[in-house]
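# Remarks on the overall topology
Take a look at the letters that make up each chain.
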Amino acid sequence: MKQPFLYQPLFIFLLLAGLWSCTDEVNAPGSDTEKPRTRLTINVTDNGYYASTGKPTTRTKQDDYQTIFTQDDRIGLYAIKDGALVEGYNNVCITYDGTQWTLPENTDLTYEGKGITYYAYYPYQDNPEIDLSASEESGFFQTMISGWTPDNSQSDDAYTSQDLMTGTGTLSERQSDGFRLLTVSLTHRMALVVIEFPHTRYQLDVDPKYAWFINVPEAAFTSFSPYREKDSNDKGTGSYRYLVKPGNSGGSTLSGSYTATNGVTKNWEFTPTAITAGKYRTYKVDGGKTTIEHPLQVGDFYLNDGSLIGKDNSLSAAQKTACLGIVYTLQDIRKDNCGLLDSKFPRGTHGLVVAKRHQGSGDKSVWSGGDLANSLSSVWPDKPKDYEGLTDTDKMQGYINTVFLQKYSSGQLALTLLASYRNNNVAPASSSDWYCPSHLEIRIMCRGEEEVNVAGTVTRRDILSTQLGKCSGDALNSGGGRRYWVSSQSGGNSWLMAFLTYASDGHYAGNIYLTSKGHRYSHLRFILAF
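Our subject in this report is the structure included herewith. Bear in mind that the values here come from a model prediction, so they are computed numbers and not experimental data.

### Some remarks on the pattern of salt bridges
- Evaluated as defined, the whole model comprises 16 salt bridges.
- For Lys 230, the salt bridge is made with Asp 234, and the minimal N-O distance between the two is 3.7 Å.
- The partly exposed category is assigned to Lys 230, whose relative accessible area is 31%.
- Across the salt bridge formed by Arg 483 and Asp 505, the nearest N and O atoms sit 2.7 Å from each other.

This is how it looks when you write it as structure tokens:
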């Protein structure tokens, strides 16, 4: 079903299976002499809901209340020429399978010449009434639009099944790859009521879209069920959405109650005023949300719901339990990980978190195997082209290193310990999850960015140890086993960073050593990106 998301624009790339003859020739792009049977690719965009108080200066700035499609969503597609349906384009049901859009079995869609108008709608229906004489989209789907009345029950998936959208398609010229691009732009035909209860929204100073919500009350509704907005970690945001027929906004009073975090229950009600189709209006119950900007800093506490607490704050017992680790650097690591983190972090990573606890191997070695450089192509034949393996010491690439090592041999003790740590210290869905740091990532953990290449420096180690003590974590500058393996390797050896001095082994604090994989009595300190 289709899931609505805050602050996420919709961009779906659709490849429609069809037949394209390699002998097709074109005298001029878009000319009538172009032979048919050219395959189409389709880009579907959602124009979102605009605030009823005014329209943004540009569409690209209005990206809240847009929608992405998920598995089993279906749209209907028509093509009209000279007031008649084009053969093969009569309410074509196109289904999203979670990865791409698919056509009914034994169905092909191809370019059929100039002068064609494309219409589409969501959600799909069998045999909807259309008007072939209409000269624009609203007239073509007029019967569907005028007869559409959202149901009172809109919780969860029911919300999106009530969200009628219609749109037109624009066909590009034939592209260099031989395809034509059909861009379908969908417009919401209902109006949206947003109900906002009292709560606090925290957002990063460097990225207002990274937010978390506290003091979110429990809400109840009388004779209707709105959709509850959730963040990327599936937690309520304190706001709800309810679709109504445009113009009269349902014509009835909405009411209910909410229970604040102090246990007091309060009643509320309001009567929505008229809202135009494709627009929303926010109704704030008892003032709605309060927004506070969080200045992201090294030393901040990172909690298991993705929220952060400032480095100078004292933690309650519950916050200490919820704390997963400490923010130790503020960097975007996507590029160094060759695209593997791009979909998770389309705006970039905000920083890295060092785990609250370390993992020990006892008298066992954590890595095994010889020189893995020669295994890269065979173990990972479809690897990202820019990834050159474990030997690089100047990239923040622990994430992709860990992915490769898991493909090589998930039975290595380091990866067994990683799996256990992931299970026992579940990271937020909005994070990268825990992984083994690279040579550069652990040097920054010990030395800091400015002194990352200065051997023997432990400036960042001491800052982090102070913070780890505040959340009952394992310090980096005291205790046993403060030598940590990384995912970077060279030949049959691996790198080991000394956070304390072990003179008997020739290991001194603030230095990193290329050490035999058979070395024992050392530890692992996992990290994650957020």
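Now that the structure has been shown, we can carry on.
### A word on the nonpolar core
- Formed by 72 residues in total, the largest nonpolar core has its most connected members in Leu 308, Trp 434, Met 445 and Phe 530.
- In this structure Phe 530 touches Tyr 210, Leu 296, Tyr 302, Leu 308, Val 327, Phe 345, Thr 349, His 350, Gly 351, Leu 352 and Val 353, once residues within four positions along its chain are discounted.
- In this structure, Val 44, Ala 79, Tyr 122 and Met 165 belong to the second largest nonpolar core, which totals 24 residues.

### With respect to helix α7 (residues 413-424)
- Taking 1.5 Å of rise per residue, 12 residues should cover 16 Å, and α7 covers 16 Å from first to last C-alpha, within 8% of that figure.
- Lining the buried residues of α7 we find β26 (352-355), β27 (359-360), α6 (398-408) and β31 (523-524).

### Quick word on the packing of aromatic side chains
- Summed over the entire model, instances satisfying the criterion amount to 32 aromatic pairs.
- Ring centres of Phe 197 and Tyr 240 lie 5.7 Å apart, and the angle between their planes is 90 degrees; this geometry places the pair in the edge-to-face category. In this pair, Phe 197 is assigned in the loop between β13 (191-196) and β14 (199-204) and Tyr 240 in strand β18 (residues 236-244), connecting sequence segments 43 residues apart. You'll find Phe 197 and Tyr 240 in the same group, each marked buried.
- Summarising the aromatic geometry, the rings of Phe 197 and Trp 268 are spaced 5.6 Å apart at their centres and angled 75 degrees between planes, so their arrangement reads as edge-to-face. Pair noted here: Phe 197 is in the loop between β13 and β14 and Trp 268 is in strand β20 (residues 265-270), with a separation of 71 residues, a long-range link. When sorted by exposure, Phe 197 lands in the same class as Trp 268, which is buried.
- Each member of the aromatic cluster is reached from another via a ring pair, and the members are Phe 197, Phe 221, Phe 224, Tyr 240, Tyr 242, Tyr 258, Trp 268, Phe 270 and Tyr 283.
- A cation over an aromatic ring shows up here: Arg 180 above the ring of Tyr 111, its NZ or CZ 4.0 Å from the ring centre.
- Cation over ring: Arg 483 sits above Tyr 502, and NZ or CZ is 4.0 Å from the ring centre.

### As for the environment of Thr 457
- Among the structural elements, Thr 457 can be located in the loop between α8 (439-447) and α9 (459-470).
- Exposure remark for Thr 457: the relative accessible area of 9% places this residue in the buried category.
- Between the C-alpha atoms of Thr 457 and Gly 98, which are 359 residues apart in sequence, the distance is 48 Å.
- The contacts of Thr 457, once residues within four sequence positions are left out, are Cys 446, Arg 447, Glu 451 and Gly 510.

### Observations concerning the sheet that holds strand β23 (residues 301-303)
- One open sheet accounts for five strands, arranged β24-β23-β25-β26-β32; its pairing is antiparallel. Looking at which strands have only one partner, the edges of the open sheet turn out to be β24 (308-309) and β32 (527-529).
- Two elements, β26 and β32, share three bridges in a ladder whose sense is antiparallel. Bridging from a neighbouring strand, Leu 352 pairs with Ala 529 of β32.
- Its contacts with the sheet put α8 on β25 (323-329), β26 and β32, and the angle it makes with β25 is roughly 95 degrees.

### Focus on the packing of α6 against α7
- Viewed as axis vectors pointing N to C, α6 and α7 meet at an angle of 115 degrees, and their least axial separation amounts to 11 Å. The way α6 lies across α7 gives a crossing that is left-handed. For the pair formed by α6 and α7, the contact residues are Thr 402, Leu 405 and Gln 406 on the first element and Leu 415, Leu 418 and Arg 422 on the second.
- Here the residues of the contact of α6 with α7 sort into three nonpolar, two polar and one charged.

### As for the packing of α8 against α9
- Two elements in contact, α8 and α9, have axes separated by 4 Å at closest approach and are oriented at 70 degrees. In terms of their interaxial angle, α8 and α9 are classed as roughly perpendicular. Mapping the contact onto sequence places Ile 444, Met 445, Cys 446 and Arg 447 in α8 and Thr 459, Arg 460, Arg 461 and Leu 464 in α9.
- When the residues that make up the contact of α8 with α9 are grouped by side-chain class, the tally is four nonpolar, one polar and three charged.

Cut-offs and rules
- Residues numbered from 1 in each chain as written.
- Predicted model: local features only at pLDDT ≥ 70, side-chain atom pairs only at ≥ 80, totals over all residues.
- Heavy atoms only, no water.
- Salt bridge = Lys/Arg side-chain N within 4 Å of Asp/Glu carboxyl O.
- Buried < 20%, exposed > 50% of the residue type's maximum accessible area, 1.4 Å probe, protein only.
- Core = buried A, V, L, I, M, F, W, Y, C linked by side-chain atoms within 4.5 Å.
- Contact = heavy atoms within 4.5 Å.
- Helix = DSSP H or I, 4+ residues; strand = E, 2+ residues; numbered from the N terminus.
- Expected span 1.5 Å × (residues − 1).
- Phe/Tyr/Trp six-rings, centres within 6.5 Å; stacked < 30°, edge-to-face > 60°.
- Lys NZ or Arg CZ within 6 Å of the ring centre and 35° of its normal.
- Pairing = 2+ DSSP bridges.
- Axes fitted to C-alpha atoms, helices over the stretch in contact; angles between N-to-C directions.
- Left-handed = near helix turned anticlockwise from the far one by under 90°.
- Nonpolar A, V, L, I, M, F, W, Y, C, P; charged D, E, K, R; others polar.
- Parallel < 35°, antiparallel > 145°, perpendicular 65-115°, else oblique.

Such coordinate-based values are descriptive only and should not be taken to indicate function.
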